[in-house]
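Take a look at the letters that make up each chain.
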Amino acid sequence: MTSQNYDFKASEKKWKEYWEKNKIYKFDINSKKPVYSIDTPPPYISGKMHIGHAFSYSQQDFIARYQRMSGKNVFYPFGTDDNGLPTERFVEKTNNIKSKSISRAAFIELCLKTLKEQTPGFIQDWKDIAMSADFNIYYSTIDKPTQKVSQKSFIDLFKQGDIYVKDFPTLWCTDCRTTVAQAELEDKNLESLFSTLKFKANGKDLLIATTRPELLPACVAVFVNPSDERYKNLVGKKAKVPLFNFEVPIIADESADIGKGTGVLMICSYGDKYDAQAITKHKLTPKIVFNQDGTLNFGKYKGLKIKEARKQILEDLKNVDLITEQKPISHIVNVHDRCGTEIELLPTKQWFIKILDKKKKLIEQGKKVRWYPEFMFKRYENWVNGLEWDWSISRDRHFGIPIPVWECKKCGEIILPEEKELPIDPLQTKKKCPKCKQDANGEEKVLDTWATSSLTPQIASSLVNGKIKIPFSLRPQAHDIIRTWAFYTITKSYLHEKEIPWKDITISGYVTIGGEKMSKSLGNVIDPKQVLDKFGTDAMRFWAAGSKLGEDLDYQEKDLVTGQKLITKLWNASKFVAMHLQDYKEKENKKLEKFDEWLLIKLNNLVKECTEDFENYSYSKPKQKIENFFWHIFCDNYLEIVKDRLYNPDKRGKDSRMSAQYTLHKTLICLLKMLGPITPFITEEIYQETLKKKESIHLTSWPEYDKKLKDTDLEKDGDLVLDIINEVRQFKTKNNKSMKEPVIITIEKKNEKIIKEFFDDLKAVTNAKEIKFGDNLKIEF
């Protein structure tokens, strides 16, 4: 033994270095073992690890470690997501600079420099939680090989007609100054004012209610329902827009809801997608009053931000008595999930992948994947059914993977690079139109980060020369990105290969505190580094194993303390076992005491159940079952039962002691192996240092269930004897006596045959002076 007490900090440092130096988790590309491939989530390098990362990445690592011990060649790459807006924000904040204040080339150079400085420390956080990825199989979502995969995907989809470019009212974030996809929207409940305004038509007031008076200068028509008797006489006439005093046509259209507000609908460019559809349907000319930075470009309100303009226009309307009614309301508004800014619709030229015509097929593809838990598929299905837009894949940002196209200034021809030119930046490379021989304009936009992250299986495969094919074995991820990462990856794999990207998908939950989601604004964020420093990685991972897939887990320190107690007990129990194994020769022992047989049957049952649970990704069940077996069956009972045999071999005989040694050795090794995926440091420490094994426990074989080792009668007999032992213990405790206090035990006559099989162990552990047989169980001093 190297130490009386377990020092988790020293142990973690030692084994991290050992694992890395000896390449314990290396993927062997030449191995003949079946491959288990994991589409590892690449975390954003723009933020430091939070407790949710530690929680969910530990859970996926339980699976990876189990599969490795089960004889699989585990392909477990690691990537970082350092592409697009999150990285831009991170670099801007780190360097106290705005991307638009310097040239694109200079900003990209600054981004790459910042990432190079930050990446090693960031990756270390994942090594610190004992993630058993092969960190040498590494990609960044902005590196050159990834750019090549992403740009080739764009070119292939463009050639097969699944990508198009269109000048179209697009979802736009005025804060990030870029288009966004539907999947990047979040619903937010916001307070607003519902104001009824006086338009003029036919010499009378025409009342229209709106929450967006700042769109009055963008009004292009007024709709009334053709069935609405109140307004039939106005159809085909003009309405004067209040405050701005220009006229717009009054059109009959069924989209005007008779029962909503005044029944009259203001059509503006653009309040929402229905405005865009209405303007296209009736061939109206849009009037764009918002700039891309969220300021107005019209009249006296020019330069005001949208909310400022809203407030000022309402004030001006009120001053000239053009508001008849005003009431506060609370309504759901789409905001950008990155920054929380309300989304606008602005006409911009953007690139799209066609998905609306493939919704049925994409649901079918989703059904082919096995979802854990199963109900999470419904979230995917609901998302696909609710899609209203094609996938917008272009972004008006500085930092990202360039869209690899040029457009001829003269004839509009789209020019693509050859594959051998990839990766390529159209702003750095000149191209001429093959038709006109004129200079073509390089595309300034970059690809949305999801357009690249949706290719993580293909990117990871490219790191091993394409030897790992889809479908991968597993995609582990959180439930909040089913609509993005899961959906987009299924989409890309279908479009490119008509295949599913993975066979299984596991969905993790959130970490909460006091039942609430952690948030910086609420000040309830837990720093995992502090948790690891105080409790150790194994205790943290043991806590993370307490949550079922798809379920949130509340952070409570008492659960970390429980993990620490288990680790301490495992350490002390292992020291006790090792002390009695010093003269043990590892060999099969054919003659076993009945309690040893009983324990090994229990252990065999545990192996069967835990194997089945891990195969179904139900890691929380093995955690609970192993913990219960270790504490209550092994430590509380079995170790106490065999102490007499271990300490008194002359009295009980060498064979009896050897039987105990064999059982202790087999049981402890088995428990360590089954705990290995969850608590890798303490199990490695005990296996190599305490038990003096010459290899990493994480490269050993998972315990196998022995179908022959089954004896329900013996198991019941052992349970009966254990019940008697516990009755004796309770009797002594009730009478305030030491456990060493001698007793006389009378046991029911019908159990005499059973008791004689366990007699010596029963007598020793209860310190019975005499064991008799009678009518009922009786214990006396």
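Structure first, text after, so check above.
In this text, all values refer to a predicted model and were calculated from it rather than measured experimentally.

## Observations concerning the overall build of the protein chain
Logical step 1: Tallying secondary structure elements over the protein chain gives 22 helices and 29 strands in all.
Logical step 2: For a compact globule of 781 residues, the expected C-alpha radius of gyration is about 28 Å, and the protein chain comes in at 35 Å, more than 25% above that figure.
Logical step 3: Principal axes of the C-alpha set define a box for the protein chain whose edges measure 115 × 60 × 45 Å.
Logical step 4: For the protein chain, with 781 residues in total, the buried portion stands at 55%.
Logical step 5: Partitioning the intrachain contacts of the protein chain with sequence separation of at least 6 by distance along the chain shows that 78% fall at a separation of at least 24.
Logical step 6: Accessible area of the protein chain: about 35,800 Å², with a carbon and sulfur share of 48%.
Logical step 7: Within the protein chain, the 112 negative side-chain charges are centred at a point lying 2 Å from the centre of the 128 positive side-chain charges.

## Details of helix H8 (residues 359–368)
In an α-helix, one turn spans 3.6 residues; hence positions three or four apart end up facing the same way.
Logical step 1: When H8 is considered as a whole, its buried residues turn out to be Lys359, Leu362, Ile363, Gln365 and Gly366. For H8, the buried positions fall inside an angular range of 160° around the axis, keeping them on one side. Those residues of H8 that are exposed and angled more than 90 degrees off the buried face are Lys360 and Lys367.
Logical step 2: Buried positions along H8 lie against strand E15 (370–372), helix H9 (376–385) and helix H12 (482–497).

## A short note on the pattern of salt bridges
Logical step 1: Throughout the structure, instances matching the rule amount to 56 salt bridges.
Logical step 2: Between arginine 541 and aspartate 61 there is a salt bridge, with its nearest N and O atoms 2.8 Å apart. Of this pair, arginine 541 sits in helix H14 (residues 537–544) while aspartate 61 sits in helix H2 (residues 51–69), placing them 480 residues apart in sequence.
Logical step 3: The salt bridge involving lysine 349 is made with glutamate 407; its shortest N-O contact spans 2.8 Å. Residue lysine 349 is located in strand E14 (residues 343–353), and its partner glutamate 407 is located in strand E18 (residues 406–408); the two are separated by 58 residues in the primary sequence.
Logical step 4: By relative accessible area, lysine 349 is classed as partly exposed at 37%.
Logical step 5: Glutamate 407 sits in the partly exposed class, given a relative accessible area of 29%.

## A short note on the nonpolar core
Logical step 1: Grouped together as the largest cluster of nonpolar side chains are 178 residues, with contacts concentrated most on Trp371, Trp543, Phe634 and Met674.
Logical step 2: Ranked by residue count, the leading element in this core is helix H17 (residues 620–647), at 11 residues.
Logical step 3: Beyond its immediate sequence surroundings of up to four residues, tryptophan 543 is in contact with Ile51, Phe55, Val511, Leu553, Asp554, Tyr555, Asp559 and Leu560.
Logical step 4: Listed in part, the 35 residues of the second largest apolar core include Phe199, Val222, Phe290 and Ala309.

## A short note on the pairing of strand E5 (residues 163–173)
Within a regular beta strand, the side chains point alternately toward one face of the sheet and then the other, so they alternate between its two faces.
Logical step 1: Note: E5 against E14, 11 bridges, orientation antiparallel. Counterpart to cysteine 173 in the pairing with E14 is isoleucine 343.
Logical step 2: Relative to strand E6 (residues 178–179), E5 runs antiparallel, the two being bridged by two bridges. Counted as the bridge partner of cysteine 173 is threonine 178 from E6.
Logical step 3: The hairpin formed by E5 and E6 contains four residues between the paired strands, and arginine 177 there has a positive phi angle of roughly 55°.

## With respect to the packing of aromatic side chains
Logical step 1: Evaluation of the coordinates by the stated rule reveals 39 aromatic pairs.
Logical step 2: Centre to centre, the rings of phenylalanine 154 and phenylalanine 158 are 6.4 Å apart; their planes meet at 10°, and the pair counts as stacked. Of the two residues, phenylalanine 154 and phenylalanine 158 both sit in helix H5 (residues 144–159), four residues apart, roughly one turn of that helix.
Logical step 3: Residue class for phenylalanine 154 comes out buried when judged on its relative accessible area of 2%.
Logical step 4: Three or more aromatic residues joined by ring pairs make a cluster, and in this case those are Trp371, Phe377, Tyr380, Trp391, Trp450, Phe487 and Tyr488.
Logical step 5: If you follow arginine 475 out to its NZ or CZ, it ends over the ring of tryptophan 485, 3.1 Å from the centre.
Logical step 6: For lysine 737, the ring lying beneath its charged end belongs to phenylalanine 781, and the centroid distance is 5.6 Å.

## Observations concerning unusual backbone geometry
Logical step 1: In this chain, tyrosine 372 is followed by proline 373 through a cis amide linkage whose omega measures -5°.
Logical step 2: By the element assignment, proline 373 lies in the loop between E15 and H9.
Logical step 3: Residue proline 423 is bonded to the preceding leucine 422 through a cis peptide linkage, with omega at -5°.
Logical step 4: Tracing the backbone shows proline 423 in the loop between strand E19 (414–415) and strand E20 (440–442).
Logical step 5: One non-glycine residue, leucine 243, adopts positive backbone phi at about 75°.
Logical step 6: Tracing the chain through its elements places leucine 243 in the loop between strand E10 (238–240) and strand E11 (247–252).
Logical step 7: Overall, leucine 243 belongs to the partly exposed group, its relative accessible area being 24%.
Logical step 8: For lysine 498, which is not glycine, the phi torsion reads 55° and is therefore positive.

## What to know about a positive patch on the surface
Logical step 1: A cluster of basic side chains, namely Lys98, Lys100, Arg177 and Lys305, defines a positive patch on the protein surface.
Logical step 2: Tracing the chain through its elements places arginine 177 in the loop between E5 and E6.
Logical step 3: The partly exposed category is assigned to arginine 177, whose relative accessible area is 39%.

## Details of the sheet that holds E15
Logical step 1: In spatial order, the strands read E15-E23-E22; together these three strands make up an open sheet with parallel pairing. Pairing within the sheet leaves two strands with one partner each, and these edge strands are E15 and strand E22 (472–478). Here the strands of the sheet are splayed against their neighbours by 20° on average, with no regard to which way each runs.
Logical step 2: In this sheet, strand E23 (residues 502–508) lies alongside E22 in parallel orientation, the contact comprising six bridges. Following the sheet pairing, arginine 475 is matched in E23 by isoleucine 505.

## Examining the sheet that holds E5
Logical step 1: One open sheet accounts for four strands, arranged E6-E5-E14-E16; its pairing is antiparallel. Because the sheet does not close on itself, it has two edges, and the strands there are E6 and strand E16 (391–392).
Logical step 2: Pairing analysis gives two bridges linking E14 to E16, with the strands arranged antiparallel. Its bridge partner lying in E16, phenylalanine 352 is registered against serine 392.

## Section: the side chain of glutamate 684
Logical step 1: Structurally, glutamate 684 can be placed in helix H20 (residues 680–690).
Logical step 2: No salt bridge is formed by the buried glutamate 684, whose closest oppositely charged neighbour, arginine 65, lies at an N-O distance of 6.7 Å.
Logical step 3: Ignoring anything within four residues of it in the chain, the contact list for glutamate 684 reads Trp15, Tyr18, Trp19, Glu689, Glu695, Ser696, Ile697 and His698.

## Comments concerning the environment of glutamate 586
Logical step 1: Along the chain, the position of glutamate 586 falls in the loop between helix H15 (557–579) and helix H16 (594–615).
Logical step 2: Considering only alpha carbons, one finds glutamate 586 and lysine 666, 80 residues apart in sequence, at a separation of 9.4 Å.
Logical step 3: If near-sequence neighbours (up to four positions away) are discounted, glutamate 586 is found in contact with His665 and Lys693.

## Remarks on the state of the cysteines
Logical step 1: Overall, the coordinates contain zero disulfides when judged by the stated rule.
Logical step 2: Residue cysteine 610 stays outside any disulfide, its sulfur separated by 8.6 Å from that of cysteine 670, the closest cysteine.
Logical step 3: Overall, cysteine 610 belongs to the buried group, its relative accessible area being 0%.

The rules behind each value
Residues numbered from 1 in each chain as written. Predicted model: local features only at pLDDT ≥ 70, side-chain atom pairs only at ≥ 80, totals over all residues. Heavy atoms only, no water. Helix = DSSP H or I, 4+ residues; strand = E, 2+ residues; numbered from the N terminus. Rg over C-alpha atoms; globule rule 2.2 N^0.38 Å. Buried < 20%, exposed > 50% of the residue type's maximum accessible area, 1.4 Å probe, protein only. Contact = heavy atoms within 4.5 Å. Areas by Shrake-Rupley, 256 points an atom, 1.4 Å probe, with all protein chains shown as cover. Lys, Arg positive; Asp, Glu negative; His and termini not counted. Charge placed at Lys NZ, Arg CZ, Asp CG, Glu CD. Arc of directions from axis to C-beta. Salt bridge = Lys/Arg side-chain N within 4 Å of Asp/Glu carboxyl O. Core = buried A, V, L, I, M, F, W, Y, C linked by side-chain atoms within 4.5 Å. Pairing = 2+ DSSP bridges. Phe/Tyr/Trp six-rings, centres within 6.5 Å; stacked < 30°, edge-to-face > 60°. Lys NZ or Arg CZ within 6 Å of the ring centre and 35° of its normal. Patch = residues over 30% accessible without salt bridge, like charges linked within 9 Å, V, L, I, M, F, W, Y side chains within 5 Å. Axes fitted to C-alpha atoms, helices over the stretch in contact; angles between N-to-C directions. Disulfide = S-S within 2.5 Å.

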